[in-house]
Amino acid sequence: MENNKTILYVDDDEDDVELLTDAIRGIDPKVTIAIAKNGAEALTYLQSVQKLPCLIVLDLNMPYLNGKQTFDKIKADSSLQHIPVIVFSSSANPSDKATFNSLGIDFITKPHNFSAISEAAIRMLSNC
Amino acid sequence: MQLLQQFDEAPCFYFCTSDNGILLQVNETLCLKLGFSKNELIGKKTEIIFPVATRIFQQTHLFPLLKMQQYAHEIFISLQTKNKEQIPVLLNAERKIIDDEPVNVYIGIEVNNRKKFEDELIAAKKTAELALSENTALNTAKEQLQQRIEQLDEQMQLVKKQNKELQQFNHAISHDLQEPLRKLSVFSDMILQTNNKDQHEQNIKKLKRVLEQMRSVMSGLQQYIWLTGNLNKAGNIDLNAVIKQAKQQSESGFPGVNLSIQQQQLPFIYADEKQMVLLFCHIFSNAIRFRKPGTNALVKITADSIKLNRFQNIRDKYQYTNFLKIAIIDEGIGFDAAYKEQAFELFKRLHTSSGRGLGLALCKKIIDNHYGMISIDSIEHKGTTVTLLLPERAE
């Protein structure tokens, strides 16, 4: 794996941020994880950072810009649209999953057990 | 008496009578029309050619008029034929003295067409009157329809509002209650898998925090349902007392914090006291929760009476009434005003740090219950202003 990789993780849930960050670092300690608490913060980060992340992990339920709105803004920006996006959400709404799958976007449901979090982290890193 | 032949056959009816109603002369045209011969008429009483109605009219109106002014013009009567058919006739009559005797001379023309025109006119008038009354009925129906449209508009607004609330409620159930459940599951997994004592304690702390979140979501939903199903127990209440109670309640949620309130003397309002206390309590709690780090919590409260259109849902309808405008101003950390509309949604948090995103949704519910309006404005790092508009209504 290439060094100095950065993943942008956009989620307002501090517990999930801690769990997923720990899981990713447990697999690849060299990965940098940038955290944004909502879509607006994520876009500010993306517009100001020199080296773009290799992956954006998006939660859907967030204040200000939610995940779908953030996704739309990223895909509408020619300098950002190439960055792979994975949706990481607890949304139980089947249409959410169908919407993103139809766009070729991986949709990972937030796990209900600890071991599945590591599996999710591996799936994310394989896209990076 | 012999009549001139031209007059005998002239295209008009001619007859004359004595004062005691004996026919003295008739012309041929009249005889022909009525089906009598001259001999059958002359020397007979006028009853022979006058139907009952004409007889009465003759005795009560025509004859007295003739005697009084010696003439009567354009008199409309009926004559009757030998077969008792009636013929409408327009008469001119004059009273003359011939051989020292008064003689009443009548000239008439048949007016069948005029009668027909009159009948048509009467029929047309009746039709017009009917149309007019139907038009009045139509206008009444239109007005009623307009009222129904207005009612429908209000109902639609209500349904829309309730639908939106229901969606938010569904979201709350599916997301805001599922989330803590999922975390409980993850953290209990972690507790089972770790042998490290410190880790163990940390995980149990997390578990307890999530349980607390869940309890707070549940009690929030309970309050929301209570406010939805609860009709106002409204009365005239002292806003100053409401503020005092709300201050105590909000401070009790933040041990060691003292909320300073700068306010003018506030009026009495017609409202539900419990709901009003809850409303101010949530606004004060936000002011405390989102105060600038290291500063004391402070709010300023202003109140003005303003005039506003009480129709909020129907376009082009105006009735200006008095509203009490209350502004609650804090100097806290504020938020990006671009997202202020989201602030009133159930479980919508504009700050990730704390709060359950419920307070302002409840505030909106309370204000809706009182037919008022609530808005929020904020400048990041400067502070937030919550504005309430409550109709000033008497009991």
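Heads up: these notes are all about the structure in this document. Just so you know, these numbers come straight off a predicted model, no measurement behind them. (Residues numbered from 1 in each chain as written. Chains lettered and ligands numbered in written order. Predicted model: local features only at pLDDT ≥ 70, side-chain atom pairs only at ≥ 80, totals over all residues.)

With that settled, consider the overall build of chain B. Counting its secondary structure elements, chain B contains 10 helices and 12 strands. Scored against the burial criterion, the 395 residues of chain B give a buried share of 26%. Restricting to contacts in chain B with at least 6 residues of sequence separation, those with at least 24 account for 56%. (Helix = DSSP H or I, 4+ residues; strand = E, 2+ residues; numbered from the N terminus. Buried ≥ 20, exposed ≤ 12 C-beta atoms within 10 Å, placed from the backbone. Contact = placed C-beta atoms within 7 Å.)

This paragraph deals with helix α9 (residues 273–289) of chain B. For α9 of chain B, with 17 residues, the first-to-last C-alpha span of 24 Å sits near the 24 Å given by 1.5 Å per residue. Of all the 17 residues making up α9 of chain B, 14 are buried; the element is thus mostly covered by neighbouring parts of the structure. (Expected span 1.5 Å × (residues − 1).)

This part is about the interface of chain A and chain B. Often, the extent of an interface is quoted as the loss of accessible area on bringing the components together. Listed per partner, the contact involves 13 residues of chain A and 19 residues of chain B. Of the residues in the side of chain A that touches chain B, the class split is five nonpolar, four polar and four charged. (Nonpolar A, V, L, I, M, F, W, Y, C, P; charged D, E, K, R; others polar.)

Our focus in this paragraph is the sheet that holds strand β10 (residues 320–330) of chain B. Residue and element names in this part refer to chain B. Taken together, the five strands give an open sheet; going across it, the order is β7-β9-β10-β12-β11, and neighbouring strands pair in mixed fashion. Edge strands, defined here as strands with exactly one partner in the open sheet, are β7 (259–263) and β11 (373–379). This sheet shows a mean twist of 20 degrees between the axes of neighbouring strands, independent of strand direction. As judged from the seven bridges shared by β10 and strand β12 (residues 383–391), these two strands associate in the antiparallel manner. The residue of β12 that forms the bridge with phenylalanine 323 is proline 391. Its contacts with the sheet put α9 on β7, β9 (297–309), β10 and β12, and the angle it makes with β9 is roughly 140 degrees. Against the sheet, helix α10 (residues 359–369) makes contact with β11 and β12, and its axis sits at roughly 145 degrees relative to β11, the strand it touches most. (Pairing = 2+ DSSP bridges. Axes fitted to C-alpha atoms, helices over the stretch in contact; angles between N-to-C directions.)

It is worth spelling out the nonpolar core at this point. Buried together is how nonpolar side chains tend to be arranged in soluble globular proteins. Grouped together as the largest cluster of nonpolar side chains are 39 residues, with contacts concentrated most on Phe280, Ile283, Phe284, Ala287, Leu362 and Cys363 of chain B. Ranked by the residues each element gives to this core, the list is headed by α9 of chain B, at 10 residues. Setting aside residues up to four positions removed in sequence, phenylalanine 280 of chain B forms contacts with Val242, Ile243 and Ala246 of chain B. Listed in part, the 37 residues of the second largest apolar core include Val57, Tyr64, Leu65 and Met124 of chain A. (Core = buried A, V, L, I, M, F, W, Y, C linked by C-beta atoms within 7 Å.)

All names here are of chain B. It is at 8 Å that the axes of helix α8 (residues 239–252) and α9 come closest, and there the two elements cross at 50 degrees. Here α8 is positioned oblique relative to α9, judged by the angle of their axes. With respect to the hand of their crossing, α8 and α9 are arranged in right-handed fashion. In this structure, α8 uses Val242, Ile243, Gln245, Ala246, Lys247, Gln249 and Ser250 to contact α9, whose residues at the interface are Glu273, Met276, Val277, Phe280, Cys281, Phe284, Ser285 and Ile288. (Parallel < 35°, antiparallel > 145°, perpendicular 65-115°, else oblique. Left-handed = near helix turned anticlockwise from the far one by under 90°.)

Moving on, we get to unusual backbone geometry. Residues and elements named next belong to chain B. A positive phi angle, near 70 degrees, is found at glutamine 70, a position not held by glycine. With respect to the secondary-structure elements, glutamine 70 resides in the loop between α4 (52–69) and β3 (71–80). A positive phi angle is found at histidine 381, which is not glycine, with a value near 70 degrees. Mapped onto the elements, histidine 381 comes out in the loop between β11 and β12. Residue classification places histidine 381 among the exposed residues on the basis of 11 C-beta atoms within 10 Å.

For the rest of this paragraph, the subject is the pairing of strand β1 (residues 13–18) of chain B. All names here are of chain B. In this structure, β1 lies alongside strand β5 (residues 101–110), joined through six bridges in antiparallel fashion. In the sheet register, serine 18 faces β5, and the bridge partner there is valine 103. Where β1 meets strand β2 (residues 23–26), three bridges bridge the pair, whose relative direction is antiparallel. Among the inter-strand pairings, threonine 17 is bridged to a residue of β2, identified as leucine 23. The loop that links β1 with its antiparallel partner β2 comprises four residues; one of these, glycine 21, has a positive phi angle of about 85 degrees.

A separate point is the sheet that holds β5 of chain B. All names here are of chain B. The strand order across the open sheet formed by five strands is β2-β1-β5-β4-β3, and the pairing between neighbours is antiparallel. Where the open sheet ends on each side, the last strands, each with one partner, are β2 and β3. Strand-to-strand twist of the sheet, defined as the mean angle between neighbouring strand axes without regard to direction, takes the value 30 degrees. Strand direction decides the pairing type here: strand β4 (residues 86–98) and β5, joined by 10 bridges, are antiparallel. Bridge pairing in β5 links isoleucine 97 to proline 102. α4 contacts β3, β4 and β5 of the sheet and is inclined by roughly 160 degrees relative to β3.

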